[in-house]
Amino acid sequence: MDESLKPEQVLTDAKWPTVSLSSALAYARQTAGAHKAEALAGCLLLLMAANLLTTIARKTITNDETVLIPAAYYHLAAGDSQLVHELPPLCKLIAGVPLLFIQPDEVKPEKVALLTNPSERGWAYQENFWQDNSARFQTISFWARVPAALLTLTLGVLVFYFTRELFSARAAVLAVFLFALEPTVLAHGRVVQTDIPATFGYLLVCYTLYHYIRGRTWRRAALVGAAAGLALLGKYSMLIVAPLLVVVLLWLLWRAPQGGERRVALAFHACLAVLAALFVVNAAYYFHSRALTDADAQWVAVSFPTSFRAVWLSVRVLKRLVPTDFVLGIYWQVRHNREGHSASLLGMYSQHGWWYYFPVAFALKTTLPFLLLSLASVGWAIYRLIVKHERLFLVLIIPLVVYTAFVMMSNINIGVRYFLPAYPFLFILGGAFLDRLPALNHGRGAGLLLGLLLLCSVGVEAIRAYPNYMTYMNQLASPRPHWYYLSDSNVEWGDEVGELAEYLRAHGETKVRAALLGGYATVGYSGVEYQDALSLPDPEKPGTRYVAIGASFLNGSTVPGRAGLSDEQRVNFFDAYRRRTPEVVFGGSIYLYRMNE
């Protein structure tokens, strides 16, 4: 540099590169052209993000979130996983992160300290949590659900990459399109619950396992184990990945000599995967396994009276490997499944459900075009597998069949959301089928037109259902009210309470007699007094100007039993309201009736 020049002259005289708007746009077009599939999928997921966030802003928290959101904050702030330990902690961990920044008022210890039962403490804590933070109810309930939406979008990214690796970039975009516009995914993609975390974990296990089978290294084995641990933290039912992984390992061990592999190396990989899974599970509980208490022993004795010794021994052994609350949570779900859950299907009622419940629920709760596409794509995949010997389809067919068979054996038939872990495989198969549809039977024009019609129909249904995805049912359910076909979270979950309260306030009402899932916990924070309609001797004489009945209570399956009330009387407790015309229906889930004055 010329020493005679001053520094400011250097800066002034230097010729800095300039970037014009046209060159920037050209670069952007070039980049987008090189990554067209990623750009299209990204746009679809951005549209989905806007959908989820606007729905979060419009909908109240669900019945389960009234408990899970306070438990999420308690888990992160206090490091205690006992609240709602019957559910694994992944959904709580992510929901609690925004609350660390909001810093809600903490529940006074004396309000819950005298309660020794974890379940009782959980309900006491959540009740006091919302009372102590009533002024920030909307802020807390909004931000606690944002991480659930982010996890859903991450699931969409995983669907894209998995589909592209198995088939093509175009098939991946089509799979993301189906994913981003599916009503059940949009309904539960914003909810703090275990369904989306389990769906993400199950697909991640299959994705990492696919990579491991293609190239067996210790790093990929560790990733399989970590994915399995994450799936277990999503939902206890993800224990089904254990036998799935064992079967794959045995198959690899059997074939090892043919491929020139050492079985001892595969055994090492298996051990590494187990250690990785255990590490992930324990990390979620801060590597802490609390001591067993007398209350725990009493619960096991009551829950498993005929096998108390065996169960108690297994709890004491397993707590040395995984946290105590993780083990007890698994047994809580085992008991729940054994006892069943009051449910309804097509006007029938049962405590232990029906083996065909989830196929029927899926047929009613998804859009007709996606239903038809799912059936066609699964049939096409089986054909390609059996006739054309394309073993690639095993990667999708096996986990789909395994999970479907597993969930059909469940005695808990309270929501199609339990079937969500099977959905990504249908999206992937659907995307691949649509990608190849124009070339099938050499009918390119007809196949392309059919594919476009299917995609347009899916989009139209998603727009038509917005934002009431939770209660969505397709045209097969048009002859009767939706609560006739299904109950519980399929038709009502408490997220319409805000609209109910707003309507009542606009009509000068400050109280409502109601029977709503979760409504008792949230109506009060919307400026309306909640009076329990279930406590009335005669539900037709409420003593208020308005009565609000949730769709699931109109169905009758969620009406609790009581002394002197037969099952028939229980499910028909609100039968008089079934024949009345409501003044307004909120989101298809809350029926509001004006009483005669």
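Residues numbered from 1 in each chain as written. Predicted model: local features only at pLDDT ≥ 70, side-chain atom pairs only at ≥ 80, totals over all residues. Heavy atoms only, no water.

Which residues make up the overall build of the protein, and what values do they have?
Secondary structure assignment for the protein yields 28 helices and seven strands. Looking at the 597 residues of the protein, the share that counts as buried comes to 53%. Long-range pairs, those at least 24 residues apart, make up 73% of the contacts in the protein between residues at least 6 apart in sequence. Accessible surface computed for the protein: about 27400 Å², of which carbon and sulfur atoms make up 63%. (Helix = DSSP H or I, 4+ residues; strand = E, 2+ residues; numbered from the N terminus. Buried < 20%, exposed > 50% of the residue type's maximum accessible area, 1.4 Å probe, protein only. Contact = heavy atoms within 4.5 Å. Areas by Shrake-Rupley, 256 points an atom, 1.4 Å probe, with all protein chains shown as cover.)

Provide a residue-level description of the packing of aromatic side chains, including the pertinent values.
Summed over the entire model, instances satisfying the criterion amount to 35 aromatic pairs. Note on phenylalanine 362 and tyrosine 423: the rings are 5.4 Å apart at their centroids and 85° apart in plane angle, and the pair reads as edge-to-face. One end of the pair, phenylalanine 362, is in helix α18 (residues 357–365); the other, tyrosine 423, is in helix α21 (residues 423–436), with 61 residues separating them in the sequence. For the pair formed by phenylalanine 362 and tyrosine 423, the shared burial category is buried. Taken together through their ring pairs, the aromatic side chains of Phe179, Phe362, Phe370, Phe419, Tyr423 and Phe427 make up a single cluster. Stacked on the ring of tyrosine 484, the Lys or Arg arginine 480 has its end atom at 4.2 Å from the ring centre. Lying over the aromatic face of tyrosine 577, arginine 580 brings its terminal NZ or CZ to 4.8 Å of the ring centre. (Phe/Tyr/Trp six-rings, centres within 6.5 Å; stacked < 30°, edge-to-face > 60°. Lys NZ or Arg CZ within 6 Å of the ring centre and 35° of its normal.)

Summarise the pattern of salt bridges; cite the residues concerned and give the values.
Evaluated as defined, the whole model comprises 21 salt bridges. Put simply, glutamate 38 and arginine 164 hold a salt bridge, and the shortest N to O gap is 2.6 Å. In this pair, glutamate 38 sits in helix α3 (residues 36–58) while arginine 164 sits in helix α8 (residues 146–166), placing the two residues 126 residues apart along the sequence. (Salt bridge = Lys/Arg side-chain N within 4 Å of Asp/Glu carboxyl O.)

Now, about the environment of tyrosine 484: what can you tell me, with residues and values included?
Along the polypeptide, tyrosine 484 turns up in helix α23 (residues 482–485). Distance from tyrosine 484 to leucine 345, taken between C-alpha atoms, is 7.6 Å for residues 139 residues apart in sequence. One polar contact links the side chain of tyrosine 484 to the main-chain carbonyl oxygen of leucine 346, over a distance of 3.3 Å. (Polar contact = N/O pair within 3.5 Å; in protein donor to acceptor, adjacent residues only side chain to side chain.)

Summarise the environment of serine 141; cite the residues concerned and give the values.
Along the chain, the position of serine 141 falls in helix α7 (residues 137–143). Those residues in contact with serine 141, other than ones at most four positions away along the chain, are Ile61 and Ile69. Within polar-contact distance, the side chain of serine 141 engages the backbone oxygen of glutamine 138 at 3.1 Å.

Tell me about the sheet that holds strand β5 (residues 546–550), and please be specific about residues and values.
Where strands meet in a sheet, backbone hydrogen bonds hold them as pairs that are either parallel or antiparallel. Pairing is mixed in the open sheet, where five strands are placed in the order β4-β3-β5-β7-β6. The open sheet has two free edges, formed respectively by β4 (529–532) and β6 (584–586), since each of these has just one partner strand. This sheet shows a mean twist of 30° between the axes of neighbouring strands, independent of strand direction. Note: β5 against strand β7 (residues 590–594), five bridges, orientation antiparallel. Within β7, the position partnered with glycine 550 by the bridge is isoleucine 590. (Pairing = 2+ DSSP bridges. Axes fitted to C-alpha atoms, helices over the stretch in contact; angles between N-to-C directions.)

Any details on a nonpolar patch on the surface? Residues and values, ideally.
Taken together, the side chains of Ile382, Tyr383, Ile386 and Val387 make up a nonpolar region of the molecular surface, amounting to roughly 370 Å² of accessible area. Position of isoleucine 382 relative to the elements: it lies in helix α19 (residues 368–386). With relative accessibility at 37%, the residue isoleucine 382 sits in the partly exposed group. (Patch = residues over 30% accessible without salt bridge, like charges linked within 9 Å, V, L, I, M, F, W, Y side chains within 5 Å.)

Describe in detail the side chain of serine 314, supporting the description with residues and values.
As for its position among the elements, serine 314 is in helix α16 (residues 308–318). A residue is classified by how much of its surface remains accessible, and serine 314, at 19% relative accessible area, is buried. Separated by 2.6 Å, the side chain of serine 314 and the backbone oxygen of valine 311 make a polar contact.

Describe the packing of helix α12 (residues 218–234) against helix α14 (residues 263–284), with residues and values.
Between α12 and α14, whose axes approach to 7 Å, the crossing angle comes to 35°. As α12 runs across α14, the sense of the crossing is right-handed. Counted together, Trp218, Ala221, Ala222, Gly225, Ala226, Gly229, Leu230, Leu232 and Leu233 of α12 and Phe268, His269, Leu272, Ala273, Ala276, Ala277, Val280, Val281 and Ala284 of α14 form the full contact between these two elements. Residue composition of the contact of α12 with α14, grouped by class: 15 nonpolar, three polar and no charged. (Left-handed = near helix turned anticlockwise from the far one by under 90°. Nonpolar A, V, L, I, M, F, W, Y, C, P; charged D, E, K, R; others polar.)

I'd like to hear about the pairing of β5, residue by residue, with values.
In terms of burial, β5 is largely enclosed, as five of its five residues are buried. Residues of β5 alternate between two faces, with Tyr546, Ala548 and Gly550 on one and Val547 and Ile549 on the opposite face, all of them buried. The sheet contact formed by strand β3 (residues 511–515) and β5 spans three bridges and is parallel. By the bridge assignment for β5, alanine 514 is matched with alanine 548.

Can you break down unusual backbone geometry residue by residue, with the values?
Put simply, tyrosine 466 and proline 467 share a cis peptide bond, and its omega is -5°. Looking at the secondary structure, you find proline 467 in the loop between α22 (444–465) and α23. Backbone geometry places glutamine 103, a non-glycine residue, at a positive phi of 55°. Among the secondary structure elements, glutamine 103 is positioned in the loop between α5 (90–102) and α6 (118–132). We classify glutamine 103 as partly exposed; its relative accessible area is 46%. Positioned with a positive phi, aspartate 488 is a non-glycine residue whose angle comes to about 60°. One can find aspartate 488 in the loop between α23 and α24 (497–506).

Any chance you could break down α24 for me, citing the residues and the numbers?
Along α24, the residues that are buried comprise Val497, Leu500, Ala501 and Leu504. Here the buried residues of α24 occupy an arc of 95° about the axis, which is enough to place them on one side. Seen from the buried face of α24, the exposed residues on the opposite side, beyond 90 degrees, are Glu502 and Ala506. Among the residues trailing α24, glycine 508 stands out with phi positive, at a value near 75°. (Arc of directions from axis to C-beta.)

A description of the nonpolar core should follow, citing residues and the corresponding values.
Within the largest apolar cluster, 140 residues are counted, with the highest numbers of intra-cluster contacts made by Met48, Ile549 and Phe574. Core analysis: the next-biggest nonpolar cluster, separate from the first, contains 23 residues, Ala72, Tyr73, Cys91 and Phe129 among them. (Core = buried A, V, L, I, M, F, W, Y, C linked by side-chain atoms within 4.5 Å.)

Give a detailed account of helix α13 (residues 241–255), specifying residues and quantitative values.
Along an α-helix, a turn takes 3.6 residues, which lines up residues three or four apart on a common side. The terminal C-alpha atoms of α13 lie 21 Å apart, and with 15 residues this matches the ideal 21 Å at 1.5 Å per residue to within 8%. Within α13, the full set of buried residues consists of Val241, Leu244, Val248 and Leu252. One side of α13 carries all its buried residues, which in axial view fall inside an arc of 70°. Within α13, the exposed residues directed more than 90 degrees away from the buried face are Val247, Leu250 and Trp254. (Expected span 1.5 Å × (residues − 1).)

I'd love a proper account of the side chain of lysine 59, names of residues and values included.
Along the chain, lysine 59 turns up in the loop between α3 and α4 (65–78). Residue class for lysine 59 comes out buried when judged on its relative accessible area of 3%. Within polar-contact distance, the side chain of lysine 59 engages the side chain of glutamate 499 at 3.5 Å. Once residues lying within four places of it in the same chain are set aside, the contact partners of lysine 59 are Arg145, Arg190, Pro467, Asn468, Asp495, Glu496 and Glu499.

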